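# Observations on the model geometry
What follows is each chain in one-letter form.
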Amino acid sequence: MKFAASSTVGAVIAAAAVSSSSVLSSHAAQAPTPTPLQERQLGALVGGLVADAAVMPLHWIYNQSDLLFLGGAQPEFHDPPHCHDDRIVTHCDYDYPLGENSPYGQQMRVYLQLFAKQGIKVGSVDASQLVQAYFGYYGNPAGACSNISTGLNSTGCYWDKCTKEFVANVRANASCVKDNACGGDDNQADALAHQVITTILGSGAAPEATLSDASAIVTVTQQNEQAVAFGMAGARMLHSFLSGHSKTPRAAVTDTIAALLDANRVLPNIEDFILAAGLQFVVGEADEKSTAVTLQVGQSCDYPNNLLTGAHMLYQIGDGSGNATGNYVSAIRQLIQGGGDQASRSMFVGSFLGAVAGVDGIPQSWKDRYTHYDEVLQLAKTVVGIE
C-alpha cells in the first residue's frame, strides 16, 4: 500500500484540516472529566497517528542494514526523509515533508475528521458516508489528494492499489456508493490500518457492533475476503484490550487466538483459522528479535504480515511491566528497524501502547515533530466525547 507528496505540497495536505477547524472551535465549553475508557481511546488514537508520522521518513525501506545506517538507534522522524538522503540509493515511493503522516495515517485522518464532524456513533456507521469522504479526498478534483504523485519531487499524493480501484469504480458506477460496493480487489494492510479508528471508538460497545463497523470501513476500499479477515482480526485484538477484556496487550494476542479458534465466535471468517495459526507462530517466536521475525513473516504490506509482526511486538513488550513511555518508544524504533511497511505495523502497535501510556506518556519531542498533532488531539477529544 503506497501513496505520496512532496514538501511543496505540505500546505495542500494541511489544507484538508481547514474543514475541521469549525468543528474544533465549537467545543470550547468546559469538558467533563474523562473516564478511564476515554483516556485509553484518546491515547490509542493519538498514539497510533504519532507513531505513523515517526515512521514516515524511513517508510518502505526494506534493507535493514540501510535502516540501521540511516537511523541508528533513534530512527524516528529521520531528517531528511529518505527520498532526500543521498547516503543510500533507494526507491522513492512518496516524497512527504518531515512531520507528515504516511499514507495510512492520512487516510485515518480523513475518517477522523468525518467522525468528528458528523458525530458518527459505533454500531450505526453509514458506510456510504465513509465512501463519500474517501472519494472526496482522492477522487474529487478539489480534494486534497486528487493529484497523483509520480515520486521524487513530485507534488500530489501516491495512490495505492485499492485507492486507484476504488476511485475508478466510483467514477464508473456511482450507484456503488449506496451499497458500499466500490472497493477494489485488494488484501493489503490498509485493512489493518483503517479498522483502527472504528475499533477504538467502539471499544466500549459489544464486540459484534465493533467488528461490524470494522468490516464496513475495510470494505470501503477493499472488497476482498482476506482484507476483511485481516482488519477484523486486528479489530478483535484491539477491542479486547481497550474494552478491558484483556488486561494487557500480550493477553490480547492470546485472547484473539482463542477467539479466532472458537467455533461460536461472532462474525466468523473463513480465514480465521489461518490467522490464528500465524499468531500462534509469532507467539512461539517471542524470544526472537522483532527484526528477525519480520524477515521470517514478511516485511511488506501483504496479507497478513503486519498483523503477525505487530502481534509479535505486542506479545514481547506488552506484558504490563516496564515504563509505558519507554515501551512505546522502544517498540516503534524496533518496528522501524524491521523495514518494509513499518507504517501500518506501527500505527497498529502504537494504538495499543499509546492507550497504555496515555497522551501525556507519548514523548513530547515526538508530538512536537508531528505536523498535525494539535489538530489530531482536538479531533480525537471530540470523537471520544471529552470535548
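Given the structure is predicted, the values throughout are model-derived calculations rather than measurements.

It is worth spelling out the packing of helix α3 (residues 36-55) against helix α16 (residues 342-357) at this point. How two helices pack is summed up by the angle between their axes together with the distance between the axes. Packing of α3 against α16 leaves a shortest axis separation of 6 Å and a crossing angle of 150°. Relative to α16, α3 is oriented roughly antiparallel. Viewed along their axes, α3 and α16 form a crossing whose handedness is right-handed. Together, R40, G43, A44, G47, G48, L49, A51, D52 and V55 of α3 and Q342, A343, S346, M347, G350, S351, G354 and A355 of α16 make up the contact between the two elements.

Looking now at the state of the cysteines. Should the sulfur atoms of two cysteines be covalently bonded, the bond is a disulfide. If you walk through the whole model with that rule in mind, you get 3 disulfides. What pairs with C83 in a disulfide is C92, and their sulfur atoms sit 2.0 Å apart. Here the S-S torsion is close to 95°, and the disulfide linking C83 with C92 is therefore right-handed. Just as C83 is buried, C92 falls in that class too. Paired by a disulfide, C145 and C157 hold their sulfur atoms 2.1 Å apart. Negative torsions about the S-S bond denote left-handed disulfides, and the value of about -55° found for C145 with C157 makes this one left-handed. Of the two residues, C145 sits in the loop between α6 (127-138) and α7 (161-172) while C157 sits in the loop between α6 and α7, which places them 12 residues apart along the sequence. As far as the burial class goes, C145 and C157 line up, both buried. Once the disulfide-bonded cysteines of the chain are ranked by sequence position, their pairing pattern turns out to be 1-2, 3-4, 5-6.

What follows is about the environment of Q226. Counting through the fold element by element, Q226 comes out in helix α10 (residues 225-242). Overall, Q226 belongs to the partly exposed group, its relative accessible area being 26%. C-alpha of Q226 to C-alpha of P304: the two residues are 78 residues apart in sequence and 8.3 Å apart in space. Within the structure, the side chain of Q226 is placed 2.7 Å from the side chain of N187, a separation counted as a polar contact.

If you look at the biggest cluster of nonpolar residues, it comprises 115 residues, and the most contacted ones within it are L45, V46, M237 and L307. With 11 residues, α10 is the largest single contributor of residues to this core. For M237, the residues in contact, after removing those within four places along its chain, are A252, V253, T256, L279, L307, A311, L314, F348 and F352.

Taking 1.5 Å per residue as the helical rise, helix α9 (residues 207-221) with its 15 residues ought to reach 21 Å, and the 22 Å between its terminal C-alpha atoms agrees with that figure. Here α9 has its buried residues at T210, L211, D213, A214, A216, I217, V218, T219, V220 and T221.

Of all 12 residues in helix α8 (residues 190-201), 12 are buried, a share of seventy percent or more. Looking only at α8, the buried set comprises D190, A191, L192, A193, H194, Q195, V196, I197, T198, T199, I200 and L201.

Before going further, it helps to spend a moment on the layout of surface pockets. Estimated volume of the second largest pocket: approximately 240 Å³. In terms of lining residues, the second largest pocket is bounded by 14 residues, among which P207, R236, H239, S240 and A259 are the most central. No other element matches α10, which puts 4 residues into the lining of the second largest pocket. Of the residues that constitute the lining of the second largest pocket, the class distribution is 5 nonpolar, 5 polar and 4 charged.

Enumeration according to the criterion identifies 13 aromatic pairs in this entry. Plain terms: the ring middles of F77 and W366 are 6.1 Å apart, the flat faces sit at 75° to each other, and that makes the pair edge-to-face. Taken as a pair, F77 in the loop between α4 (64-71) and α5 (103-118) and W366 in helix α17 (residues 364-369) lie far apart in primary sequence, 289 residues in all. Grouping residues by exposure puts F77 and W366 together as buried.

In this structure the tally under the stated criterion is 5 salt bridges. Between E76 and R333 there is a salt bridge, with its nearest N and O atoms 2.9 Å apart. A residue pair is termed long-range when its members are at least 10 positions apart, and E76 in the loop between α4 and α5 and R333 in helix α15 (residues 324-338) qualify at 257 residues. For E76, a relative accessible area of 5% translates into the label buried. Residue R333 is classed as partly exposed on the basis of its relative accessible area, which comes to 21%. Note that D272 and R265 form a salt bridge whose closest N and O atoms lie 2.6 Å from each other. Under the relative-accessibility criterion, D272 is labelled buried at 2%. Judged by relative accessible area, R265 falls into the buried class, the value being 15%.

Rules and cut-offs
- Residues numbered from 1 in each chain as written.
- Predicted model: local features only at pLDDT ≥ 70, side-chain atom pairs only at ≥ 80, totals over all residues.
- Heavy atoms only, no water.
- Axes fitted to C-alpha atoms, helices over the stretch in contact; angles between N-to-C directions.
- Helix = DSSP H or I, 4+ residues; strand = E, 2+ residues; numbered from the N terminus.
- Parallel < 35°, antiparallel > 145°, perpendicular 65-115°, else oblique.
- Left-handed = near helix turned anticlockwise from the far one by under 90°.
- Contact = heavy atoms within 4.5 Å.
- Disulfide = S-S within 2.5 Å.
- Buried < 20%, exposed > 50% of the residue type's maximum accessible area, 1.4 Å probe, protein only.
- Polar contact = N/O pair within 3.5 Å; in protein donor to acceptor, adjacent residues only side chain to side chain.
- Core = buried A, V, L, I, M, F, W, Y, C linked by side-chain atoms within 4.5 Å.
- Expected span 1.5 Å × (residues − 1).
- 1 Å grid on protein atoms, 1.4 Å probe; cavity = no way out; pocket = protein on both sides within 12 Å on 5 of 7 lines; lining within 4 Å.
- Points joined across faces, edges and corners; volume = space filled by probe spheres on them.
- Nonpolar A, V, L, I, M, F, W, Y, C, P; charged D, E, K, R; others polar.
- Phe/Tyr/Trp six-rings, centres within 6.5 Å; stacked < 30°, edge-to-face > 60°.
- Salt bridge = Lys/Arg side-chain N within 4 Å of Asp/Glu carboxyl O.

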